[in-house]
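Chain by chain, the residues:
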Amino acid sequence: MPAALHPYLNFDGNAREAFEFYGQALGGIPQFATFGEFGALPADDPNADKVMHGSLEVTDLIRLYVSDVIEGMVPYTPGTNVTLSLMGDDETLLRSAYQKLSEGGEIAMPLEKQMWGDVYGSFTDRFGIVWQVNISAPAQG
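What you are looking at is a predicted structure, and each value in this text was computed from that prediction instead of being measured.

Draft legend 1. Spotlight on helix α3 (residues 91–101). Among the residues of α3, Leu94, Ala97, Tyr98 and Leu101 are the ones counted as buried. Along α3, the residues classed as buried sweep out an arc of 100° about the axis, all on the same side. Where α3 is buried, its residues meet α1 (15–26), β5 (83–88), β6 (106–113), β7 (119–124) and β8 (130–135).

Rendered as structure tokens:
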């Protein structure tokens with residue numbers, strides 16, 4: 001795959017918790033490095049244990065990256081800076097992801113057939129991130 005879109009999410013101190021939740025829901029194991037581990041902050045800084053970079057690689061096509069926002073970075077605004085779309089034709093996987101990721105969140109649109117022929121739904125998860133799930137209609141042949 002020569003190029004791919006990899007969403008990068010920012011959190012206000014709970015990046016580790018969010019990515020552990022996403023890893024459980026999507027079936028991946030998150031990896032983290034802190035500001036202290038990168039040497040970006042001294043070990044005694046209160047932000048040294050926050051996540052500077054984390055990754056969650058579920059498949060070649062589903063990869064997420066994460067960081068905690070600390071003072072001096074772009075301000076943290078939950079849910080308004082990114083929308084994540086899970087798209088494809090694996091109905092079992094996508095329905096499971098919708099159900100698990102929306103747990104504890106707020107459903108904006110139930111997962112159901114839409115006028116364009118696909119099954120689609122959207123929600124805001126319990127961490128304030130907006131998700132869309134689109135299950136492609138079977139190809140007519």
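Structure's up, so let's keep going.
Draft legend 2. Summary view of the pattern of salt bridges. All told, the structure shown has 2 salt bridges when counted by the stated rule. As a salt-bridge pair, Arg63 and Asp60 come within 3.4 Å of each other at their nearest N and O atoms. Note on Asp60: relative accessible area 53%, which makes it exposed.

Draft legend 3. Quick look at the pairing of β7. Counting buried positions along β7 gives 5 out of 6 residues, so the element sits mostly inside the fold. Of the strand pairs in this sheet, β6 and β7 are connected by 5 bridges, and their pairing is antiparallel. By the bridge assignment, Glu112 is partnered in β7 with Tyr120. Taking the residues between adjacent antiparallel strands as the criterion, β6 and β7 are bridged by 5 residues, where Gly117 takes a positive phi near 100°. Bridge count for β7 against β8 is 6 bridges, and the pairing is antiparallel. Across the sheet, the residue bridging to Val119 is Ile135, located in β8.

Draft legend 4. Up close: the nonpolar core. Phe11, Tyr22, Leu64, Leu86, Leu101, Trp131 and Val133 are the most contacted members of the largest nonpolar core, which has 29 residues in total. Taken together, the elements giving at least two residues each to this core come down to β1 (8–11), α1, β3 (51–57), β4 (63–68), β5, α3, β7 and β8.

Draft legend 5. Molecular detail of the sheet that holds β5. A sheet is described by the order of its strands in space; here 4 strands give the open sequence β5-β8-β7-β6, paired in mixed fashion. Each edge of the sheet is formed by a strand with only one pairing partner; in this case those strands are β5 and β6. If you compare each strand with its neighbour and ignore which way they point, the axes differ by 10° on average. Direction of pairing for β5 relative to β8: parallel, over a ladder of 6 bridges. Among the inter-strand pairings, Gly88 is bridged to a residue of β8, identified as Ile135. Here α3 sits on the sheet in contact with β5, β6, β7 and β8, set at roughly 160° to β8.

Draft legend 6. Just the side chain of Ser67, in detail. Within the secondary structure, Ser67 sits in strand β4. Ser67 sits in the buried class, given a relative accessible area of 3%. At 3.4 Å, the side chain of Ser67 and the backbone oxygen of Val51 are in polar contact. In this structure Ser67 touches Tyr8, Leu9, Asn10, Phe11, Ala15, Phe35, Val51, Met52 and Met73, once residues within four positions along its chain are discounted.

What counts and how
- Residues numbered from 1 in each chain as written.
- Predicted model: local features only at pLDDT ≥ 70, side-chain atom pairs only at ≥ 80, totals over all residues.
- Heavy atoms only, no water.
- Buried < 20%, exposed > 50% of the residue type's maximum accessible area, 1.4 Å probe, protein only.
- Helix = DSSP H or I, 4+ residues; strand = E, 2+ residues; numbered from the N terminus.
- Arc of directions from axis to C-beta.
- Contact = heavy atoms within 4.5 Å.
- Salt bridge = Lys/Arg side-chain N within 4 Å of Asp/Glu carboxyl O.
- Pairing = 2+ DSSP bridges.
- Core = buried A, V, L, I, M, F, W, Y, C linked by side-chain atoms within 4.5 Å.
- Axes fitted to C-alpha atoms, helices over the stretch in contact; angles between N-to-C directions.
- Polar contact = N/O pair within 3.5 Å; in protein donor to acceptor, adjacent residues only side chain to side chain.

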